[in-house]
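Survey of secondary and tertiary structure
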Amino acid sequence: MPDLSSLKTVGIAGAGLVGRVLALNLIQRGIHVTLYEKDSANTPPNAAGYTAAGMLAPFAELELMDADLFQLGVRSIELWPNLLNWMAEQDCAVDFQHRGSLILAHNNDRADLHHFMRQLTHKLPDGYQVEQLNNARISELEPELAHHHQAWWLPIEGQVDSTQFFAQSERLLKNQWLVDWRENQTVEKVENHQIDGQAFDWVFDCRGLGAKTDIKDLRGVRGEVFWLDAREVKLSRPVRLMHPRYRIYIVPRADGRYVIGASEIESEDRSPMSVRSSLELLSAVYSVHPGFAEARIVNQLTNCRPALGDNLPRIEQLDGLTRINGLYRHGYLFSPAIVEKALAQLA
Ligand SMILES: Cc1cc2nc3c(=O)[nH]c(=O)nc-3n(C[C@H](O)[C@H](O)[C@H](O)COP(=O)(O)OP(=O)(O)OC[C@H]3O[C@@H](n4cnc5c(N)ncnc54)[C@H](O)[C@@H]3O)c2cc1C
């Protein structure tokens, strides 16, 4: 493995979430980066990272991970502010918050919530706690949810505004002399030290689902989200609702925008949202807060999460090539820490 400081040129296949986080980290070290991206600037990004709600939810996602991965998520929540503060210094600010999130259930699903929370607290590593909220505490944290009688507060959880992150990271990277951003370039071959025949000191494959020919157990998991504008609804942190089929969340963004997600379906179909998903997501959101009745639907997006056989993230180090993939439902939760880990392995 080379010393990281000896790398002068790095090629990255895929300017999605991981590719961008990686590129931002590399240019901070003064390394020249060439990014290959199949999308063009004139269309909305196809990356799963653009569709994502940007939730940072190590507690709520603990059922899907072990203690090490939980710590990786906590590490990312420490790293995001460093990266975003640096972006803000370059005049490319992105909204970020980590004031915790709420999880609640309607009466019919209360037993499911208790079961979920029992399992979660059982798996929680030492030193971390969640808080069961009564009606008074709910009113204190989220006054507009005062009609709910029971909820849990999951500390440090938060969110990155993924739409802003995509817009601002692209602006920053395209204006950097250390970056060669090649859009409209569908990479055919990622090999040791080479992308489509062009040589680099090191190469990273960050193509998400686009790396299927090289990663045999890679699959897509369909997810659908709504963007709603609801200026009369005032929620200040992400709220999750226990639901028999999905983990439904409401993620507040700036100016009364809310991202509502997400379905999870074992399919690589990227066609528009189904009637069933839209009924379930919208009725769930309306049942959490009746103010959503007058919300305006401004967008509905469908995408596929890149997932591996074990649903865990993977860093594969070869000579002259690192593959980072399988971030599944946790791209925002893991990407800064997984990039840190991949670069530490190089160093
Ligand atoms: C509906 C939904 C909601 C989600 N919500 C969350 C959430 O709240 N929190 C969270 O942590 N995670 C969430 N995720 C997961 C997260 O989006 C993914 O884990 C993450 O985007 C994976 O990052 P990636 O860079 O590997 O892939 P992507 O973000 O998909 O990026 C891959 C990039 O590679 C490009 N590419 C592909 N093939 C080629 C090629 N041959 N040549 C050149 N470029 C290529 C693509 O165009 C794309 O830009 C969600 C995902 C979905 C779908």
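Residues numbered from 1 in each chain as written. Predicted model: local features only at pLDDT ≥ 70, side-chain atom pairs only at ≥ 80, totals over all residues. Heavy atoms only, no water.

1. Here's the deal with the overall build of the protein
In terms of regular secondary structure, the protein is built from eight helices and 20 strands. Taken against the 2.2 N^0.38 rule, which gives 20 Å for 347 residues, the C-alpha radius of gyration of the protein at 20 Å falls within 12% of a compact globule. Dimensions of the protein, computed from the C-alpha atoms along their principal axes, are close to 60 × 45 × 40 Å. Taking all 347 residues of the protein together, 55% fall into the buried category. Considering only intrachain contacts with a sequence separation of at least 6, the fraction spanning at least 24 residues in the protein is 76%. (Helix = DSSP H or I, 4+ residues; strand = E, 2+ residues; numbered from the N terminus. Rg over C-alpha atoms; globule rule 2.2 N^0.38 Å. Buried < 20%, exposed > 50% of the residue type's maximum accessible area, 1.4 Å probe, protein only. Contact = heavy atoms within 4.5 Å.)

2. Regarding the pattern of salt bridges
Enumeration over the complete set of coordinates arrives at 26 salt bridges. Note that K212 and E268 form a salt bridge whose closest N and O atoms lie 2.8 Å from each other. Here the residue K212 occupies a position in the loop between β13 (202-205) and β14 (219-229), and E268 occupies one in the loop between β17 (257-261) and α7 (275-288), the gap between them amounting to 56 residues. A salt bridge links D217 to R314; the nearest nitrogen and oxygen atoms lie 2.8 Å apart. Of this pair, D217 sits in the loop between β13 and β14 while R314 sits in strand β19 (residues 314-318), and the two are 97 residues apart along the sequence. A single salt-bridge network, built from bridges that share partners, covers D205, R207, D214, E316 and R323. (Salt bridge = Lys/Arg side-chain N within 4 Å of Asp/Glu carboxyl O.)

3. Structural notes on unusual backbone geometry
A negative phi angle is the norm for most residues apart from glycine, just as the trans form is the norm for most peptide bonds. In this chain, G261 is followed by A262 through a cis amide linkage whose omega measures -20°. Tracing the chain through its elements places A262 in the loop between β17 and α7. Non-glycine residue I156 carries a positive phi angle of around 60°. As for its position among the elements, I156 is in the loop between β7 (151-154) and β8 (158-160). Phi angles above zero are rare outside glycine, and D196 is one such case at about 45°. With respect to the element layout, D196 can be found in the loop between β11 (194-195) and β12 (198-199). Accessibility expressed as a relative area gives 38% for D196, which makes it partly exposed.

4. As for the domain arrangement of the protein
The domain architecture assigned to the protein consists of domain 1 (4-94 + 161-218 + 309-346) and domain 2 (101-155 + 219-307). Computed over C-alpha atoms only, the centres of domain 1 and domain 2 are separated by 26 Å. With 35 residues of domain 1 at the interface, the matching set in domain 2 holds 32 residues. Between domain 1 and domain 2, the buried area comes to about 3000 Å², and carbon and sulfur atoms account for 57% of it. One can count four salt bridges joining domain 1 with domain 2. A salt bridge links E264 to R329; its shortest N-O distance comes to 2.4 Å. Taken together, the elements giving at least two residues each to the side of domain 1 that touches domain 2 come down to α2 (48-51), α3 (67-89) and α6 (162-174). (Domains from an automatic or database assignment. Buried area = accessible area lost by both parts, 1.4 Å probe.)

5. Some thoughts on the side chain of Q97
Secondary-structure assignment places Q97 in strand β4 (residues 96-97). A relative accessible area of 9% places Q97 in the buried class. Residues in contact with Q97, not counting those within four places in the same chain, are E157, G158, Q159, S236, R237 and P238.

6. Considering the sheet that holds β4
Pairing in this open sheet of three strands is antiparallel, and the strands run β3-β8-β4 from one edge to the other. Of all strands in the sheet, those bounded by a partner on one side alone are β3 (55-56) and β4. (Pairing = 2+ DSSP bridges.)

7. A few points about the pairing of strand β9 (residues 179-182)
Only one face of β9 is covered, namely the one carrying V179 and W181; the face carrying D180 and R182 has none of its residues buried. Across four bridges, the pairing between strand β2 (residues 32-36) and β9 is parallel. Within β9, the position partnered with V33 by the bridge is V179.

8. Quick look at the side chain of Q317
Tracing the backbone shows Q317 in strand β19. A polar side-chain atom of Q317 sits 2.6 Å from a polar atom in the side chain of T322. At 3.1 Å, the side chain of Q317 and the side chain of Q345 are in polar contact. (Polar contact = N/O pair within 3.5 Å; in protein donor to acceptor, adjacent residues only side chain to side chain.)

9. Focus: the site of the ligand
Lining the immediate environment of the ligand, one finds 37 residues, of which E37, M55, V187, Y328 and Y332 sit closest. For the ligand, an oxygen atom lies 3.4 Å from a polar atom in the backbone of L327. One of the backbone N or O atoms of R329 is found 2.9 Å from a nitrogen atom in the ligand. In the complex, 96% of the free accessible area of the ligand, which totals 1000 Å², lies under the protein chains. Broken down by secondary-structure element, the contributors of at least two residues to the shell around the ligand are α1 (17-28), α2, β14, β18 (296-307) and α8 (331-346). Tallied by class, the residues present in the shell around the ligand amount to 18 nonpolar, 13 polar and six charged. (Near = heavy atom within 4 Å. Areas by Shrake-Rupley, 256 points an atom, 1.4 Å probe, with all protein chains shown as cover. Nonpolar A, V, L, I, M, F, W, Y, C, P; charged D, E, K, R; others polar.)

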